[in-house]
Structures are given as C-alpha cells and as structure tokens.
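Inside the fold
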Amino acid sequence: MCGIAGFYQPNRNFLHENFQGTSPANPWHKRLIAMRNTLRNRGPNDENTLLFSHAGLAHTRLAIRDIIGGKQPMSGHYQGTSASIIYNGEIYNTNELREELQSFSLQWSTTSDTEVILNGFLAMGTAFFKKLNGIFAFAIYVHQTGELFLVRDSLGVKPLFFHFDKDILVFASEPKALFSYGVRPRADKETWNEIFTLGPGRTLGKGGFSGMEEVLPGEYLHFYASSGKGRPAFQRKYFRQLEALPHRDSYSETVDYVRFLLWDSIQRQMVSDIPICSFLSGGLDSSLVTAICQRQLQKQNVTLNTFSFDFKNNNIHFQANSFQSTQDRPFAELAAKHLKTHHTLLECDNETQADYLFKAVDARDFPCMADVESSMLYFCEEVSKTNRVTLTGECADEIFGGYPWFHNPLLFEKHAFPWSYDLTPRKALLQDDLIDFLDMEEYAMEAYENTIASTPRCHEDSMEEARRREISWLNIRWFMMTLLNRMDRTSMYSGLEARVPFADHRILQYVYNVPWEIKCHNGQPKSLLLEAGKGLLPTEILNRKKSPYPKTYDPAYEKLLATRLQEMLHQVNSPLSGIVDPKKLEHFLTSPKDYGKPWYGQLMAGPQMLAYLLQVGYWMETYSISL
C-alpha cells in the first residue's frame with residue numbers, strides 16, 4: 001500500500017525554461033514534493049516524483065511485494081506509446097494477468113503488480129481495468145497524448161480524491177495532499193450536512209470539503225486536453241458495476257461456491273514478501289479469515305500472529321445490550337487457542353483513546369467515527385511495530401446480512417437509513433439556528449432516496465426480495481464505505497497494510513444475488529457464511545451472535561470527554577460557539593444515558609456524540625474552517 005498524488009494541466013508546460021525544467025528549483029517540482037511529504041505515513045519505505053510537461057506524479061511506498069524492483073512512479077513503453085503510473089493497492093490475480101500478457105511483446109523488469117497494471121494498460125487500454133481483482137487507486141499518464149486516467153477499485157477500498165476547477169486537476173490519496181498543493185479547505189451547507197446529518201458516513205463521490213470530489217468505486221476518469229483552449233476536460237466511466245441477476249444454484253451448490261470464493265480470496269490476499277498477521281475478534285468473520293490463513297501458513301511451518309482489541313477494565317464496566325451481548329476477549333482467546341496462533345491482546349485506556357480523537361482527524365482529514373476510530377488508530381500503531389500486513393474480517397456483515405436492520409422488521413421497513421433513521425439524537429446538542437439552517441431531514445431523505453433509486457434490481461424479485469436488495473445496497477454504498485474508510489486511514493496512517501478478503505468483487509457479485517432464504521437459512525443470520533466455514537472453528541464461535549467492534553463502558557471516559565468538550569466550548573473564540581448549545585450540553589450531561597440506543601449504527605451512543613463534537617471543533621481549528 002502507498003500514497004499517490006499529482007496534478008495535471010494540459011495548457012501549461014511545467015518544464016518550461018522559466019520553470020528550470022526538472023531542476024529541484026522548479027516551483028512545480030517543489031509543490032509536488034510538498035504533496036508527497038503529506039503522505040509519508042502511507043508509505044514510509046520509499047518516495048519519488050516525476051514531473052512531465054503537463055503532469056506531475058508523486059508516490060510514497062510501503063514496500064510489500066518486489067521490495068527492490070517495485071519502485072514508483074514507474075514508466076513503460078509499448079508499440080510507440082509510453083506511460084507512467086503511480087499506484088496504491090494490491091492486485092490479487094497478478095500471476096494470471098501476467099501470464100495472459102505474455103502473448104504481447106512487452107518489456108518486464110520487475111515482479112510487481114504495478115508493472116502488470118501498467119503493461120496491461122499499454123497492451124489493452126482501459127479494457128484491462130475490468131480484469132483487475134484487488135483493491136487499488138492509481139493514476140496513469142500517457143506521454144505522447146497527454147492523457148491522464150484516475151482509476152479506483154470496484155468497492156472503493158482505496159481512496160482517491162480530486163479537485164478540478166476547469167483549469168487544473170489536483171488529485172491524491174488523501175485531502176491533505178490537495179491542501180499542500182494550495183487547494184483551500186472550505187465548508188458550505190453541504191459540508192455541514194455531511195457532518196451533522198449523515199456523519200460519520202459520507203455521500204459517495206463527495207470529498208467532504210466544498211469543491212472536492214472522489215473517484216467513485218468501479219469508476220475511472222479520463223482527462224484530456226479539450227479542443228481549442230487546451231484546458232482539461234474529463235469523462236466518467238464505469239469499468240465494473242454490481243449486476244442484479246437471477247440465482248440458479250441450489251443450496252448446496254451455493255454453499256460450495258461461497259466456500260471456494262472465501263478460500264481463494266484469502267489465499268490470494270496472503271501473498272506478501274513480508275510476514276502477515278490478522279485481526280481476530282472472536283467473531284465469525286475474522287475467525288474464518290484467521291483459520292484459513294493459519295492452515296495455509298502451517299504448511300510452511302509458520303505460525304500466524306493474531307491481535308485482538310479491548311479497553312482497560314472493560315471486564316468490570318461492560319454492559320450487555322441488544323447490539324453487544326458479549327465481550328470479544330473470551331472468544332478471541334478461544335479461537336487463538338483452537339487455531340494455535342501467536343496471539344496478542346492489545347488494550348487502550350481512556351486517556352489514549354481521547355487523545356487519539358484528534359490524531360484520527362489528522363489521519364482522515366475529517367470528523368470520523370469518534371473513539372471507534374481513535375482506538376483503532378492506536379491499535380494499528382501497536383500492530384505495525386511487529387507486522388506491516390494484516391487481514392481483517394471487514395465487509396462480511398454488509399454482504400452476508402449480519403446487521404440488525406436485515407432482521408428487525410421495524411428497521412427493515414423504515415424509509416430511511418436504518419442505522420440512523422431518527423435524527424433527534426443528532427440535534428440534541430446543536431444550536432437551534434444551525435438546525436434550522438441545515439434542513440437535516442430533507443438532506444438525509446434525498447441521500448437515501450438517491451441510493452434506493454440506484455439499487456441494481458432483478459425483474460424476478462418478489463417485493464420482499466427487492467427490499468432485501470435495497471437494504472444490501474444501502475449497506476454497500478454507505479455503512480461499508482464508512483468502515484472501509486476507517487480501516488484505510490487508521491492502518492495507512494500507521495504504515496500498516498490492511499487487506500479485506502470479503503471485499504473481493506467476486507464474493508460481492510455472487511452473494512448479492514443469493515436469495516435471502518439461502519443467505520439466512522432457517523432464520524439463522526449469516527447461515528450461508530456459517531455453512532461455508534464449518535469444520536474450521538469451534539461451535540461456540542460459529543454460533544456466536546454478532547458483536548460489533550468493542551468500545552469502553554467505563555463511565556470515567558464519558559466524564560473525561562465532557563470535561564474536554566466543556567473546555568473547548570468555553571475557550572475564547574471557540575470553534576463550537578455557533579454549533580453546540582451550552583444549555584443543551586449541560587442538560588445532556590446531567591441526564592441518564594442509554595447505551596443501547598446509538599445515534600449511528602451499533603456503536604455510537606452518548607459518549608461518542610461528545611467525542612464526535614470534539615473532533616468537529618478540532619477539525620475546524622486545524623483546517624481554519626468557520627461556520
């Protein structure tokens with residue numbers, strides 16, 4: 001995994017003699033380096049830049065495969081065409097693609113997947129993008145024609161932001177690189193709605209900041225010089241979209257094929273020139289990934305490192321509720337013992353996860369999942385001290401129907417985002433003027449209905465099955481993206497590559513079309529995945545009720561957040577003065593809390609609301625944002 005950044009302007013020559021060519025004194029070269037430097041966390045092992053007449057490319061590298069030869073930017077040549085690439089990600093069918101490309105007279109100098117993408121593009125053009133199985137974001141610049149392509153994987157696991165003002169394009173893995181170029185962080189009404197109405201979720205395609213966008217999952221952007229003035233123009237094109245198709249396989253055939261896909265995806269994602277590890281919560285998803293990894297490594301007499309996460313004194317303060325009925329620790333230890341992994345429990349204390357709230361904003365460039373994100377950032381930092389590649393169980397619940405809103409009739413039928421259908425808690429601490437300004441219900445409903453309207457549908461579906469697709473699509477486009485963004489920023493900020501085997505487009509495409517009676521056979525949540533994993537895990541783990549990422553239940557943590565929020569609110573020129581109502585906050589802090597009724601998903605309840613507002617205030621100060 002890596003960080004990429006660059007700019008493109010066909011009506012300007014960045015190498016003109018007034019700019020001193022490729023000299024380090026060239027101001028455009030300096031600007032490119034400034035962009036690159038902001039992404040060093042994503043790639044601490046190597047960094048480089050290339051400046052062309054109409055484009056600049058920068059790369060920071062976390063060396064995982066072909067450590068010596070896979071340096072970037074990488075350039076190639078084929079039949080009179082030259083191109084250069086910067087790439088962030090992993091391609092899991094590299095060997096097959098390389099074999100397929102042997103029929104072309106291509107030049108090869110590395111064993112990296114970067115060169116496979118570049119040569120595939122030179123030989124086949126944009127049609128090659130659809131052949132890629134992996135997680136990726138990359139840019140390709142064609143030297144002769146001055147064209148630029150920005151490409152993102154089909155699930156959007158790897159980020160790619162851009163700013164386009166009809167004169168110049170600036171792009172990067174993270175917004176901070178755009179800001180170092182000179183794009184100014186700005187907020188408008190849409191920004192505030194993204195934060196307070198939809199946050200920590202974010203509308204796909206919107207970069208959070210005013211004037212910033214992101215390449216959509218499964219999309220590539222083609223930039224070129226428009227006729228006449230030479231200014232850049234671009235086209236959006238999808239190279240892969242989810243298809244709704246009739247499912248013809250029997251129950252047993254479906255289980256067998258899901259088992260094959262699961263094993264194949266995990267084995268492909270184990271490829272690395274450095275040791276891998278896994279996150280092991282003791283739940284079904286991460287335990288299956290770990291079990292298959294360990295079985296494969298045992299053939300090489302290697303023991304897998306596994307990590308589980310918890311909070312200090314959680315065994316004392318834990319409160320079971322409908323979302324989180326059990327703690328992870330006993331199940332993680334059971335799985336590790338059964339699988340014979342080298343297991344480590346990492347714990348986070350109150351002060352650390354509160355301190356890391358601001359660091360999480362630095363990593364994301366935006367208010368995020370509060371302590372759900374800050375604690376993950378801390379854990380990733382700890383894991384990266386011993387391992388640089390990890391596999392996780394992310395995305396299984398969205399694909400196999402594990403969340404409560406797939407099963408709870410009230411949530412299933414709600415004409416709203418099921419993880420945040422009641423906006424009342426979101427308004428509990430906000431100034432009335434801000435609430436009136438935002439039109440929150442209207443913004444949320446428009447986002448919801450736009451997503452529903454884009455749902456891939458099959459004409460054979462019953463009304464109930466059609467609604468199942470809608471719920472699945474909502475999860476894929478929203479809830480899953482929130483978690484994938486969290487995983488990317490927290491891991492990459494720590495120089496850790498997190499791979500998500502369930503986010504294999506083949507698994508998503510196949511399971512999306514499996515009828516609910518097979519996915520949830522005999523009313524058993526995620527029974528399809530459970531059946532595919534039988535024989536790998538103890539019964540206690542296979543049958544464990546879903547439990548989300550852990551959080552602290554220590555009341556001292558909420559008191560710590562309350563103190564810090566009050567201090568921020570009462571400081572001179574507080575960024576939250578037009579946002580948080582002091583009287584509402586005082587009432588909130590003295591009222592009983594219900595940890596079983598989160599305001600976002602299954603995790604973000606009262607304490608997380610306080611943490612989120614702290615992040616908003618810090619974000620405003622750090623990025624010079626005003627309401």
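Preceding this paragraph is the structure being described.
A few points on the structure. What you see is a predicted model, and the numbers here were worked out from it, not measured in a lab.

**Here's the deal with the nonpolar core**
Counting residues in hydrophobic clusters, the biggest one holds 107 residues, and the most contacted among them are Phe7, Trp192, Phe196, Phe309, Ile579, Val616 and Trp619. Among the elements that line this core, the one with the most residues is helix 24 (residues 606-622), at ten residues. Sequence-distant contacts of Phe196, that is, excluding residues within four places in its chain, are made with Arg426, Leu430, Leu434, Leu438, Met440, Ile579, Leu613 and Val616.

**Digging into the sheet that holds strand 16 (residues 389-391)**
Strand order in the open sheet formed by five strands is 15-14-13-16-17, with parallel pairing between adjacent strands. Sheet topology places strand 15 (342-348) and strand 17 (497-499) at the edges, where each strand pairs with a single neighbour. The mean inter-strand angle of the sheet, taken between neighbouring strand axes irrespective of direction, is 30 degrees. Inspection of the sheet shows strand 14 (residues 305-311) paired to strand 15 by seven bridges, in the parallel sense. Residue pairing in the sheet places Phe307 in a bridge with Thr344 of strand 15.

**Here we look at the packing of aromatic side chains**
Tallying each qualifying case throughout the model produces 51 aromatic pairs. Aromatic pair Phe309 and Phe379: ring centres 4.4 Å apart, planes at 10 degrees, arrangement stacked. You can see Phe309 sitting in strand 14 and its partner Phe379 sitting in helix 11 (residues 370-383), a full 70 residues away along the chain. Accessibility expressed as a relative area gives 10% for Phe309, which makes it buried. Members of the aromatic cluster, each reached through a chain of ring pairs, are Tyr87, Phe121, Phe129, Phe136, Phe138, Phe149, Tyr220 and Phe239. The ring of Phe412 carries the charged tip of Arg467 above its face, separated from the ring centre by 6.0 Å. Directly above the aromatic system of Phe412 lies the positively charged group of Arg468, at a separation of 4.3 Å from the ring centroid.

**Considering the packing of helix 5 (residues 189-198) against helix 24**
Interhelical geometry of helix 5 versus helix 24 gives an angle of 155 degrees and a closest axis separation of 11 Å. Between helix 5 and helix 24, the crossing angle belongs to the class labelled roughly antiparallel. Here Thr191, Trp192, Ile195 and Phe196 of helix 5 come into contact with helix 24, specifically with Tyr612, Leu613, Val616, Trp619 and Met620. Of the residues assigned to the contact of helix 5 with helix 24, the class counts are eight nonpolar, one polar and no charged.

**Some remarks on empty space enclosed by the protein**
Within the structure shown, the criterion is met by eight cavities of 30 Å³ or more. Of the voids in this model, the largest cavity is the one considered here, and its volume is about 120 Å³. Surrounding the largest cavity, 14 residues form its lining, Arg61, Arg65, Gln72, Asp113 and Thr114 being those nearest its centre. For the lining of the largest cavity, the secondary structure elements donating two or more residues are strand 5 (81-91) and helix 3 (113-124). In terms of residue count, the dominant contributor to the lining of the largest cavity is strand 5 (three residues). The class makeup of the residues in the lining of the largest cavity is five nonpolar, five polar and four charged.

**Points about the environment of His59**
Secondary-structure assignment places His59 in strand 3 (residues 55-61). A C-alpha to C-alpha distance of 32 Å links His59 and Leu297, two positions 238 residues apart in sequence. Residue contacts for His59: discarding those within four places in its chain leaves Cys2, Gly3, Ile4, Arg36, Asp46, Glu47, Asn48, Gln72, Pro73, Ile86 and Tyr87. For His59, the side chain forms a polar contact with the main-chain oxygen of Tyr87, separated by 3.1 Å.

**Digging into the sheet that holds strand 6 (residues 134-142)**
Read across the sheet, six strands follow the order 4-5-6-7-11-12 without closing on themselves; strand pairing throughout is antiparallel. Every interior strand has two partners, whereas the edge strands, strand 4 (74-78) and strand 12 (232-238), have only one. With direction set aside, neighbouring strand axes in the sheet form an average angle of 20 degrees. Where strand 6 lies against strand 7 (residues 147-152), six bridges are found, and the strand directions are antiparallel. By the bridge assignment for strand 7, Tyr141 is matched with Leu148. Along the sheet face, helix 3 touches strand 4, strand 5, strand 6 and strand 7 and points at about 135 degrees away from the line of strand 5.

Thresholds, definitions, all that
- Residues numbered from 1 in each chain as written.
- Predicted model: local features only at pLDDT ≥ 70, side-chain atom pairs only at ≥ 80, totals over all residues.
- Heavy atoms only, no water.
- Core = buried A, V, L, I, M, F, W, Y, C linked by side-chain atoms within 4.5 Å.
- Buried < 20%, exposed > 50% of the residue type's maximum accessible area, 1.4 Å probe, protein only.
- Helix = DSSP H or I, 4+ residues; strand = E, 2+ residues; numbered from the N terminus.
- Contact = heavy atoms within 4.5 Å.
- Pairing = 2+ DSSP bridges.
- Axes fitted to C-alpha atoms, helices over the stretch in contact; angles between N-to-C directions.
- Phe/Tyr/Trp six-rings, centres within 6.5 Å; stacked < 30°, edge-to-face > 60°.
- Lys NZ or Arg CZ within 6 Å of the ring centre and 35° of its normal.
- Parallel < 35°, antiparallel > 145°, perpendicular 65-115°, else oblique.
- Nonpolar A, V, L, I, M, F, W, Y, C, P; charged D, E, K, R; others polar.
- 1 Å grid on protein atoms, 1.4 Å probe; cavity = no way out; pocket = protein on both sides within 12 Å on 5 of 7 lines; lining within 4 Å.
- Points joined across faces, edges and corners; volume = space filled by probe spheres on them.
- Polar contact = N/O pair within 3.5 Å; in protein donor to acceptor, adjacent residues only side chain to side chain.

Purely spatial values, then, with no claim about function.
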